Amino acid sequence: QGNQGATEAQFSQLACMKLGLPPESLLQLCVSAGCKAIPPLLKYISIRTDADNNVLEEEQLPVEVPLGKDFVFQSVFVCPITREQCTVENPPTMLPCGHAISHAAVASLTSSRDRFKCPYCPSECHLRDCVTLKL
């Protein structure tokens with residue numbers, strides 16, 4: 001019984017490593033990342049002069065929080081337009097509005113011109129403002 005538990009743990013750890021997933025639970029991972037964010041947020045709050053805005057009500061963290069190598073995972077991105085997983089040959093592309101789609105989807109939207117409308121919001125995008133993301 002004891003050997004089986006050790007074998008299961010080792011198999012789980014190796015499978016997670018192969019898939020680019022964290023070996024611990026996702027809840028534990030989220031709590032650890034949150035704990036790393038607390039010191040920079042407390043420092044930000046202590047020097048902030050605008051008392052009307054609450055940092056907890058903002059959609060994004062107002063400061064950069066370096067999480068380190070323990071929080072870097074293999075990216076898997078599936079294009080919401082083509083419904084295909086992006087690859088090195090067909091990488092994800094960030095539009096100026098912040099939405100991401102595959103390079104092939106951008107190419108199909110810009111087949112006849114350099115300007116196009118984001119498929120998810122009313123933003124007009126220009127091809128030169130799009131950024132290719134690395135996997």
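Above this note sits the structure.
Residues numbered from 1 in each chain as written. Predicted model: local features only at pLDDT ≥ 70, side-chain atom pairs only at ≥ 80, totals over all residues. Heavy atoms only, no water.

Draft legend 1. Seen up close, the overall build of the chain. On a plain count of helices and strands, the chain comes out with three helices and five strands. Ordered by position from N to C terminus, the α and β elements of the chain give α-α-β-β-α-β-β-β. Counting every position in the chain, which comprises 135 residues, the buried fraction comes to 21%. Put simply, of all contacts in the chain between residues at least 6 apart along the chain, 38% involve residues at least 24 apart. Surface summary for the chain: the accessible area is close to 10,400 Å², and the carbon and sulfur share equals 56%. (Helix = DSSP H or I, 4+ residues; strand = E, 2+ residues; numbered from the N terminus. Buried < 20%, exposed > 50% of the residue type's maximum accessible area, 1.4 Å probe, protein only. Contact = heavy atoms within 4.5 Å. Areas by Shrake-Rupley, 256 points an atom, 1.4 Å probe, with all protein chains shown as cover.)

Draft legend 2. Fine view of the sheet that holds strand E1 (residues 92-94). Pairing is antiparallel across the open sheet formed by three strands, whose spatial order is E2-E1-E5. In the strand order of this sheet, the two ends are held by strand E2 (100-102) and strand E5 (131-132), each with one partner. Direction of pairing for E1 relative to E5: antiparallel, over a ladder of two bridges. Within E5, the residue paired with Thr 93 across the bridge is Thr 132. (Pairing = 2+ DSSP bridges.)

Draft legend 3. Structural detail: the side chain of Thr 110. Topologically, Thr 110 is positioned in the loop between helix H3 (103-109) and strand E3 (115-117). Discounting residues that sit within four places of it in the chain, Thr 110 has contacts with Phe 116 and Leu 127.

Draft legend 4. Representation of the nonpolar core within the structure. Residues Cys 79, Cys 86, Leu 95, Ile 101, Ala 105, Val 106, Phe 116, Cys 118, Cys 121, Cys 125 and Cys 130 constitute the largest nonpolar core, which totals eleven residues. For Cys 79, the residues in contact, after removing those within four places along its chain, are Glu 84, Cys 86, Ile 101, Ser 102 and Ala 105. (Core = buried A, V, L, I, M, F, W, Y, C linked by side-chain atoms within 4.5 Å.)

Draft legend 5. Inspection of helix H2 (residues 26-47) at higher detail. A rise of 1.5 Å per residue sets the reference length of H2, with its 22 residues, at 32 Å; its end C-alpha atoms lie 32 Å apart and thus fit the reference within 8%. Remark: the principal bend of H2, roughly 30°, maps to Ile 38, with a proline, Pro 39, within the next four residues. All of the buried residues in H2 are Leu 29, Ala 33, Ala 37 and Leu 41. (Expected span 1.5 Å × (residues − 1). Bend = angle between axes of the 7 residues up to and from the residue.)

Draft legend 6. The arrangement of unusual backbone geometry in detail. Even without being a glycine, Arg 83 presents a positive backbone phi close to 60°. You can see Arg 83 is positioned in the loop between H2 and E1.

Draft legend 7. Inspection of the environment of Glu 89 at higher detail. Here Glu 89 is to be found in the loop between H2 and E1. Residue class for Glu 89 comes out exposed when judged on its relative accessible area of 68%. Between the C-alpha atoms of Glu 89 and His 103, which are 14 residues apart in sequence, the distance is 8.7 Å. At a separation of 3.3 Å, a polar atom in the side chain of Glu 89 contacts the side chain of Thr 87. (Polar contact = N/O pair within 3.5 Å; in protein donor to acceptor, adjacent residues only side chain to side chain.)

Draft legend 8. Region of the structure containing the side chain of His 126. Within the secondary structure, His 126 is located in strand E4 (residues 124-126). Here Arg 128 takes part through its side chain, which lies 3.1 Å from a polar atom of the side chain of His 126. Aside from chain neighbours lying at most four places away, what touches His 126 is Asp 114, Arg 115 and Phe 116.

Draft legend 9. Structural detail: the state of the cysteines. Counted according to the given criterion, the structure contains zero disulfides. Here Cys 79 is not cross-linked by a disulfide; its sulfur's nearest cysteine counterpart is in Cys 86, at 5.7 Å. (Disulfide = S-S within 2.5 Å.)

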